[in-house]
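# Examining the three-dimensional arrangement
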Amino acid sequence: MSRLSALSTERVHLPLMLVLTFSTGVVDAVGYLGLDRVFTGNMTGNVVVLGMALAGGADLPVLGPLLALGGFVLGAALGGRVLERAAHVWSWLTTLLLAVVGLVVLALGVVALAVGEPGDTLRLAITTLLGAAMGLQAATARVVAVKDVTTVVVTSTLTGLAADSVLGSGKGGGTGRRLAAVVLIILGALVGGLLVQLHLGAGLLLAGVLVLLVAGTGGLHARARKGEGSDQVSAR
């Protein structure tokens, strides 16, 4: 615990949010390849798919993206309400909400594996609950507020990377974390795509375990830092 408390908040929170970014890539690959072309983390993709489907796009889903969008909004709203009065950047509530996300994703993976080949109704239920979990994760990550790492999308990250590069303004800054976020969501999608070939639930199990590890590590660090602060006050 003493070693953990010696690490600064940024040195801990940045890699944790990057791990969540990787897990989102896994979940979105599972959603798109295993749940009828639905994104459960990247809502921009869902809006575009939904728009094209409503315009008569051949064989594009409507109900799945709608359910994912609805779930995401409800999950994000819940996260915002719970963390509205959070006293710290990473409080016990942050740990709790991320643990809920991890448990939901993990449980969905177990259910998918137990069923074998989920039917349409179960796929839609998984889509909705995954959307809610990703919305809850996004709202929680928003409070943790690691710059350029939202954990669910990289469009703004790519914009900042290009705009501040030598080809843009030349300002630089944040290049490493931006590149890491982009690369990790790609790698997550790659891993998720490979795991879908084994089973729909395999990627969800991996993503759930990763989110739970993030919740546990972040919670331990917050407790260690809080304990260190209390010890310093007592020493004075």
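The sections below set out a description of the structure shown in this document.

Parameters and conventions
Each residue is numbered by its place in its chain's sequence as written, counting from 1. pLDDT decides what is reported in this predicted model: residues at 70 or higher carry local features, side-chain atom pairs at 80 or more are listed and counted, and totals for whole chains, interfaces and linings draw on all residues regardless. In computing side-chain properties, one takes all heavy atoms of the structure into account and sets aside hydrogens as well as water. For helices the rule is a DSSP run of H or I covering at least 4 residues; for strands it is a run of E covering at least 2, with both sets numbered from the N terminus onward. Radius of gyration here uses only the C-alpha atoms, and the compact-globule reference equals 2.2 Å multiplied by the residue count raised to the power 0.38. When a residue's accessible area, from a 1.4 Å probe over protein chains only, is under 20% of the maximum for its type it is buried; when over 50% it is exposed; and in between it is partly exposed. The criterion used for residue contact is that any of the two residues' heavy atoms lie within 4.5 Å. Residues counted as positive are Lys and Arg, residues counted as negative are Asp and Glu, and His and the chain ends are not counted. By convention, charge coordinates are those of NZ in Lys, CZ in Arg, CG in Asp, or CD in Glu. Cavity and pocket criteria rest on a 1 Å grid covering protein atoms alone: a 1.4 Å probe that fits but cannot get out defines a cavity, protein on both sides within 12 Å along at least 5 of 7 lines defines an open pocket, and an atom within 4 Å of a point defines a lining residue. Grid points are joined across faces, edges and corners, and a volume is the space filled by probe spheres set on the points. Classes in brief: Ala, Val, Leu, Ile, Met, Phe, Trp, Tyr, Cys and Pro nonpolar; Asp, Glu, Lys and Arg charged; the others, Gly included, polar. The salt bridge definition used is simple: a Lys or Arg side-chain nitrogen within 4 Å of an Asp or Glu carboxyl oxygen.

## Points about the overall build of the protein chain
Along the backbone of the protein chain there are 9 helices and 0 strands. In sequence order, the secondary structure elements of the protein chain are arranged as α-α-α-α-α-α-α-α-α. By the compact-globule yardstick of 18 Å for 236 residues, the protein chain fits well, its C-alpha radius of gyration being 19 Å. Along the longest, intermediate and shortest principal axes, the C-alpha atoms of the protein chain span 70 × 50 × 30 Å. The buried share of the protein chain, taken over its 236 residues, is 44%. Across the protein chain, every contact between residues at least 6 apart in sequence was considered, and the portion connecting residues at least 24 apart equals 75%. When the 15 basic and 11 acidic side-chain charges of the protein chain are each reduced to a single mean position, those positions are 12 Å apart.

## Looking at unusual backbone geometry
Of note in the backbone geometry, A145 takes a positive phi value of approximately 60 degrees without being a glycine. You can see A145 is positioned in the loop between α6 (120–144) and α7 (155–163). Positive phi, normally seen in glycine, also occurs at D148, with a value near 75 degrees. Among the residues examined, D148 registers a relative accessible area of 19% and is labelled buried.

## Focus: the layout of surface pockets
Computed from the structure, the largest pocket encloses a volume of approximately 410 Å³. Every residue lining the largest pocket is counted, 16 residues in all, and those nearest its centre are W90, S91, A222, R223 and K226. Looking at the lining of the largest pocket, the elements that each hand over two or more residues are α2 (9–34), α5 (92–115) and α9 (200–235). Per element, the largest residue contribution to the lining of the largest pocket is 8 residues, and it comes from α9. Class assignment for the residues of the lining of the largest pocket results in 5 nonpolar, 8 polar and 3 charged. Put simply, the second largest pocket is a space of about 180 Å³. Taken together, 13 residues form the lining of the second largest pocket, with D28, N42, V152, V154 and I185 sitting closest to its centre. Mapped onto the lining of the second largest pocket, the elements with two or more residues apiece are α2 and α8 (175–198). By residue class, the composition of the lining of the second largest pocket is 8 nonpolar, 4 polar and 1 charged.

## Topic: the pattern of salt bridges
Evaluation of the coordinates by the stated rule reveals 5 salt bridges. One salt bridge connects R177 with E10, and the closest N-O pair in it is separated by 2.5 Å. Within this pair, whereas R177 is found in helix α8, its partner E10 is found in helix α2, the two being separated by 167 residues in sequence. Taking relative accessible area as the criterion, R177 reaches 18% and is therefore assigned buried. Across the salt bridge formed by R178 and D148, the nearest N and O atoms sit 3.1 Å from each other. With R178 in helix α8 and D148 in the loop between α6 and α7, this residue pair connects regions lying 30 residues apart in the sequence. Of the two residues examined, R178 and D148, each falls in the buried class.

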